[in-house]
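The chain contents come next:
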Amino acid sequence: MLHNIAKLCQYRRKVFHILPHVRCATRRQLSTSALESPEVDVALSTGRILKISSGKYARFADGCSVVTIGDTAVMVTAVAKQKSQNTSFLPLVVDYRQKSAAAGRIPTNFLRRELGPSEKEILSARLVDRSIRPLFPAEFRYDTQIVCNMLAIDSANPPDVQAINGASAALALSDIPWNGPVGAVRVGLVDNEAIINPTRKEMQLSSLDLVVTATRQNLVVMLEGRGNVVNENELRMAIKKGTKEAQLIINGIERLQKMYGKPKRALEPLPAVDEEIQNAVQTMSEMRLREIFRDYSHDKFSRDQAVSKTRTDTIDKVWSSFPAADPGVISETFNKFVKGVFREMLLEEKRRCDGRGLDDLRKISCSVNLHKPLHGSALFQRGQTQVFCTVALDSPESALRLDPIASLDSGMRSKNFFLHYEFPPYATGETGKIGPIGRREIGHGALAEKGLVPIIPNEHPFTVRLTSEVLESNGSSSMATVCAGSMALMDAGVPVQEAAAGVAIGLITKYENNDTKHLQDYCILTDLLGIEDYMGDMDMKVAGTRRGMTAIQADIKVPGIPLKVVMEALQKSMEARFKILDLMDETIGASRTVRKDCWPVTDRLVIEAHQRAKLLGPGGTNLRRLYLETGVQLTPDDETSFRIFAPSEAAMHEAKEYLENLLKAEKIPDLEFGAIYTARIVELRDTGVMVTLYPSMPPTLLHNSQLDQRKIAHPSALGLQVGAEIQVKYFGRDPVSGYMRLSRKVLQGPATAMIRNLDRPGAAGATAGATTNPTTSGMEDVKS
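Treat the numbers as computed from the prediction; the structure is a model and nothing was measured.

Peer 1: Please set out the overall build of the protein chain residue by residue, giving values where relevant.
Peer 2: Along its length, the protein chain carries 16 helices and 30 strands. The burial tally for the protein chain puts 50% of its 784 residues in the buried class. Of the contacts formed within the protein chain by residues at least 6 apart in sequence, a portion of 70% connects residues at least 24 apart. In the form shown here, the protein chain has an accessible surface area of approximately 38100 Å², with 53% of it arising from carbon and sulfur atoms.

Structure below.
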């Protein structure tokens, strides 16, 4: 017994002796594995290296990747719930956050921390969302969140495009079912040469800023860009090059996925619909639906009401025949069938539900100069889409200031032209809360602004705010904003280079087994309707002038479309744009020559340096009073020059009269450099005495150092009093401050010039002493 106990103790001592070494070894192994992360380098055609890594950060997420280019690093995580949601759509959320810390900055708000998402963050999140959403399986309905986190931002490489690549890698490496990967690049155009992922400095020289997202086999998934009136041929070349370059990134992500990717999780199959129910839905609704879509007298609301009535009748009848069936399943079956019938009719008959051919535009009407007090206004009506645009012109100080991180990304500190887009609920005949602007409105407004920026002259004296209010909506309200906004700018007298217009292009496709590379059939729709956008596979918005493209955005709902289809859609958009511009020119042509009384005006005021204090007044009270009474703003350019902004010609006249009276003074005698004058003391100060040379002169300081040859601490030491007269020598005005330079000290010797008394009217030339040859001796002793 004792022997066994001794052996047991000996064993325990050995075990506890070994355990610390085991723990240390395990800890070393974990720390080593944490530092080692799989990584691939993607060499782009420009020679830049794009690094994609994983396994080091955020290992609790389903998927995580870090994309690095230059010194910019973006971490993207992907997490999806394990249980499917009872929804008919994919609940995907993309969050993109710009971090001031990543740029070595501190936020400038009161709390000094990142607050709600900015406009730039929202636009970047939408960019990522539209790039990855089409590749999720139809049966995937799990809550999914993509978070793009900026780890480091340099001043050369923007992070938004790399967030798309990071999301693609994170999803590919995760166990989330996804039919990716995709690759994204930014394409610039400098001297007719396409540049991949240009730096911020290169973008300042580029006439194109285009983001291309593509998947395998050169299929385009998303387009987003702006151009400085880029020719269509150059745009096609850029899209092709961007799609080709994206294949390099896709290959890199696939290599990483093969080595380190997780097995994809099994999807819960959608509830199977009984074939009898499907046949019943088809039997009871097909003829009625075809009649509705062939009735070209329908508008948006009557068509929707007819389809809704058919839905209700069909569900009731099918449910009465199959009482055990779920009404929700029957409703979803009907919705799928409606979509199938709509698309099939378009492909078969090449005729749209409103009677138009595939290339026809809806009826367009437009008008300008709708309200007299407005600087510029326009109403654009295309079918049942109606947009009202107004222009407000203001001083350059009203420019939109960008936050420091957005300035670092774009290279701009402020914008003197910006567009605000509003989409109230009544535009679609609905009720809803009117509050802070939503992500959709921000995206549509940013697209319309991109379409109009290139036609605004660079050297414009005003800040321009364009407001777009969507009053009716049945498709492509953002492109209607471009049309109405272009006319409103012309109506406001903004010297735009040429008119811009926009149009939306749709797509209906037919394919099998997600093979969109080999389409069985397709048709391209010009001037998209709302129902065609909902039922279709693409919404490509293109804005531009007669010379070329200014903005493009393509939302594609299928897992990519061939380049051939993209090029055809671009051609259709150009043809439609020319037709719209012809109609706009007829409306705006005559009114551009009419000048409005409400237009603001600018001018420049130049004064002497010594008049600046009189113009400003104590604490700038004169300028504030001028603004409150007339609405006129004075902005200093330098010490003697001011810019004047007036809201109207009448206000400018009133302001000039006020300024003339303010600066009006008696005729100032011409003071001779080096002459001696009689000065009257009006005030004693610790630093010297305030003196005047003539009655209307503002007092000027004669410093203690210029009162006497001896050093004095106070003027009273010399027996000087208010009202006393002394002789001083004049040495002109200080070139910076404009103050007079006077000295009494230099006169305490032989007389050097005649003494003049200007304190009495008409005494400018009176002599008060002997004259000698004038000299400037002693000037070097005068303090400015």
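The structure having been displayed, the exposition proceeds.
Peer 1: Explain the pattern of salt bridges residue by residue, including any values.
Peer 2: Counted under the stated rule, the structure contains 44 salt bridges. Notably, a salt bridge pairs Glu349 with Arg294, separated by 2.7 Å at the nearest N-O pair. Here Glu349 is found in helix H8 (residues 327–349), whereas its partner Arg294 is found in helix H6 (residues 275–294), with 55 residues between them in sequence. Here Arg604 ties to Asp637 by a salt bridge, and the two come within 2.3 Å at their closest N and O atoms. A residue pair is termed long-range when its members are at least 10 positions apart, and Arg604 in strand S22 (residues 601–606) and Asp637 in the loop between strand S23 (633–636) and strand S24 (641–646) qualify at 33 residues. When salt bridges that share partners are traced, they join Lys120, Asp160, Arg186, Asp209 and Arg226 into one network.

Peer 1: Can you tell me about the sheet that holds strand S12 (residues 376–382), naming the residues and giving the values?
Peer 2: Strand order in the open sheet made by the 5 strands is S11-S12-S13-S17-S16, with mixed pairing throughout. Across the chains shown, the open sheet's two edge strands, defined by having one partner strand only, are strand S11 (364–368) and strand S16 (417–422). Across the sheet, the mean angle from the axis of one strand to that of its neighbour is 15 degrees, orientation sign disregarded. For strand S13 (residues 385–394) and strand S17 (residues 463–472), the ladder comprises 9 bridges, and the chain directions are antiparallel. By the bridge assignment for S17, Thr390 is matched with Thr467. Relative to S16, helix H10 (residues 439–452) is tilted by about 140 degrees, and along the sheet it contacts S16 and S17. Packing of helix H13 (residues 563–588) onto the sheet brings it into contact with S11 and S12, and relative to S11 it is tilted by some 30 degrees.

Peer 1: Describe the confidence of the model for the protein chain, listing the residues and the values that go with them.
Peer 2: On average, the protein chain scores 85 in pLDDT, and the residues at 70 or more come to 88%. pLDDT under 50 marks residues 5–9. Its contacts with residues more than four places away, or in other chains, come to 0 contacts. Below pLDDT 50 for its whole length, residues 762–784 participates in 45 contacts with residues either more than four positions away or in separate chains.

Peer 1: Describe the sheet that holds S23, naming the residues involved and giving the relevant values.
Peer 2: On the basis of which strands lie adjacent, the open sheet formed by 3 strands has the order S22-S24-S23 and antiparallel pairing. Looking at which strands have only one partner, the edges of the open sheet turn out to be S22 and S23. Between one strand axis and the next, the sheet turns by 25 degrees as a mean value, whatever way the strands run. Note: S23 against S24, 4 bridges, orientation antiparallel. Paired with Thr635 across the two strands is Arg643, which belongs to S24. Sitting on the sheet, helix H16 (residues 649–663) is in contact with S22, S23 and S24, with an inclination near 15 degrees to S22.

Peer 1: Would you mind going over the state of the cysteines in detail, with residue names and values included?
Peer 2: The full count for this structure, using the stated rule, is 0 disulfides. Between Cys483, a cysteine without a disulfide, and Cys366, which holds the nearest cysteine sulfur, the sulfur-to-sulfur distance is 8.3 Å.

Peer 1: Can you break down the nonpolar core residue by residue, with the values?
Peer 2: Counting 91 residues, the largest nonpolar core has Ile52, Leu210, Leu223, Phe380, Leu489, Met540 and Leu570 as the members making the most contacts within it. Among the elements that take part in this core, H13 stands out by supplying 10 residues, more than any other. For Ile52, the residues in contact, after removing those within four places along its chain, are Pro38, Glu39, Val40, Val42, Val66, Val67, Ala169, Ile249, Ile253 and Leu256. Ranked by size, the runner-up nonpolar core spans 35 residues in total, among them Ile132, Cys148, Ala170 and Val182.

Peer 1: Help me get a handle on the packing of helix H2 (residues 119–132) against H10, residues and values and all.
Peer 2: Relative to each other, H2 and H10 sit at 90 degrees, their axes nearing to 10 Å. Of the possible angle classes, the one that applies to H2 and H10 is roughly perpendicular. Contacts between H2 and H10 involve Glu119, Ile122, Leu123, Ala125 and Arg126 on the former and, on the latter, Arg439, Arg440, Ile442, Gly443, His444 and Ala446.

Peer 1: Tell me about helix H3 (residues 160–173), residues and numbers included.
Peer 2: Taking 1.5 Å of rise per residue, the 14 residues of H3 would be expected to cover 20 Å, and the 20 Å separating its terminal C-alpha atoms lies within 8% of that figure. In terms of burial, H3 is a largely internal element, 14 of the 14 residues being buried.

Peer 1: Report on a nonpolar patch on the surface, specifying residues and quantitative values.
Peer 2: Together, Phe110, Leu111 and Leu115 make up an exposed nonpolar region whose accessible area comes to about 390 Å². With respect to the helices and strands, the residue Phe110 is situated in the loop between strand S5 (92–97) and H2. On the basis of relative accessible area, Phe110 is assigned to the exposed category, the value being 79%.

Peer 1: For the packing of aromatic side chains, give the residues involved together with the corresponding values.
Peer 2: Applying the stated criterion across every chain yields a total of 7 aromatic pairs. Here the aromatic rings of Phe136 and Phe140 are separated by 5.4 Å at their centres, their planes lie at 20 degrees, and the arrangement is stacked. The pair Phe136 / Phe140 is uniform in exposure class, with both members buried. Considering the side-chain rings of Tyr677 and Tyr730, the 6.4 Å spacing of their centres and the 85 degrees angle between planes classify their relative orientation as edge-to-face. Taken together, the residues span a long stretch of sequence, with Tyr677 in strand S25 (residues 676–684) and Tyr730 in strand S28 (residues 725–733) at a distance of 53 residues. Among the aromatic side chains, those forming a connected cluster through ring pairs are Phe136, Phe140, Tyr142 and Trp178.

Peer 1: Can you tell me about the environment of His703, naming the residues and giving the values?
Peer 2: Within the secondary structure, His703 is located in strand S27 (residues 700–703). Sequence separation of His703 and Pro715 is 12 residues, and the distance between their C-alpha atoms is 9.2 Å. Not counting chain neighbours up to four residues away, the residues in contact with His703 comprise Thr687 and Gly688.

Peer 1: Pulling in residues and values, what's your account of the pairing of S24?
Peer 2: Most of S24 sits inside the fold, with 5 of its 6 residues counted as buried. Note that S22 and S24 share 6 bridges and pair antiparallel. By the bridge assignment for S24, Leu605 is matched with Phe642. In sequence, S23 turns back onto S24 through a hairpin of 4 residues.

Scoring rules and cut-offs
- Residues numbered from 1 in each chain as written.
- Predicted model: local features only at pLDDT ≥ 70, side-chain atom pairs only at ≥ 80, totals over all residues.
- Heavy atoms only, no water.
- Helix = DSSP H or I, 4+ residues; strand = E, 2+ residues; numbered from the N terminus.
- Buried < 20%, exposed > 50% of the residue type's maximum accessible area, 1.4 Å probe, protein only.
- Contact = heavy atoms within 4.5 Å.
- Areas by Shrake-Rupley, 256 points an atom, 1.4 Å probe, with all protein chains shown as cover.
- Salt bridge = Lys/Arg side-chain N within 4 Å of Asp/Glu carboxyl O.
- Pairing = 2+ DSSP bridges.
- Axes fitted to C-alpha atoms, helices over the stretch in contact; angles between N-to-C directions.
- pLDDT = per-residue confidence, 0-100.
- Disulfide = S-S within 2.5 Å.
- Core = buried A, V, L, I, M, F, W, Y, C linked by side-chain atoms within 4.5 Å.
- Parallel < 35°, antiparallel > 145°, perpendicular 65-115°, else oblique.
- Expected span 1.5 Å × (residues − 1).
- Patch = residues over 30% accessible without salt bridge, like charges linked within 9 Å, V, L, I, M, F, W, Y side chains within 5 Å.
- Phe/Tyr/Trp six-rings, centres within 6.5 Å; stacked < 30°, edge-to-face > 60°.

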